[in-house]
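Structural overview for review
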Amino acid sequence: MALADKVSDAWIAFARTGDPNTPKLPQWPAFEAKDRATMVINNTSKVVNDPLREERLAMFQAMNLD
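Owing to the predicted nature of the structure, the values given are computational and were not obtained by experimental measurement.

Points about the pattern of salt bridges
The final tally for this structure, using the stated rule, is 4 salt bridges. Between Asp35 and Lys34 there is a salt bridge whose closest N-O contact spans 3.3 Å. A relative accessible area of 30% means that Asp35 is categorised as partly exposed. By relative accessible area, Lys34 is classed as exposed at 66%.

Structural notes on the packing of aromatic side chains
Tallied over the entire structure, the rule returns 1 aromatic pair. Centre to centre, the rings of Trp11 and Phe14 are 6.4 Å apart; their planes meet at 80°, and the pair counts as edge-to-face. In this pair, Trp11 and Phe14 both sit in helix α1 (residues 3–17), 3 residues apart, roughly one turn of the helix. For Trp11, a relative accessible area of 59% translates into the label exposed. The class of Phe14 is partly exposed, set by a relative accessible area of 42%.

The rules behind these values
Residues numbered from 1 in each chain as written. Predicted model: local features only at pLDDT ≥ 70, side-chain atom pairs only at ≥ 80, totals over all residues. Heavy atoms only, no water. Salt bridge = Lys/Arg side-chain N within 4 Å of Asp/Glu carboxyl O. Buried < 20%, exposed > 50% of the residue type's maximum accessible area, 1.4 Å probe, protein only. Phe/Tyr/Trp six-rings, centres within 6.5 Å; stacked < 30°, edge-to-face > 60°. Helix = DSSP H or I, 4+ residues; strand = E, 2+ residues; numbered from the N terminus.

In structure tokens:
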């Protein structure tokens, strides 16, 4: 199954229903700021909570937005 198929199916599902879940990906929970659940789409896709936390916090600190 091609990576592009996974991505396009998720976008189509989201556009149609507001829910990006498809059979080609693991269960994708709704985003909440507390957890920042993010789907990492790859050959083996998975949900990761706040995967770029350190980078995000450093950027906000550099921009004086913390």
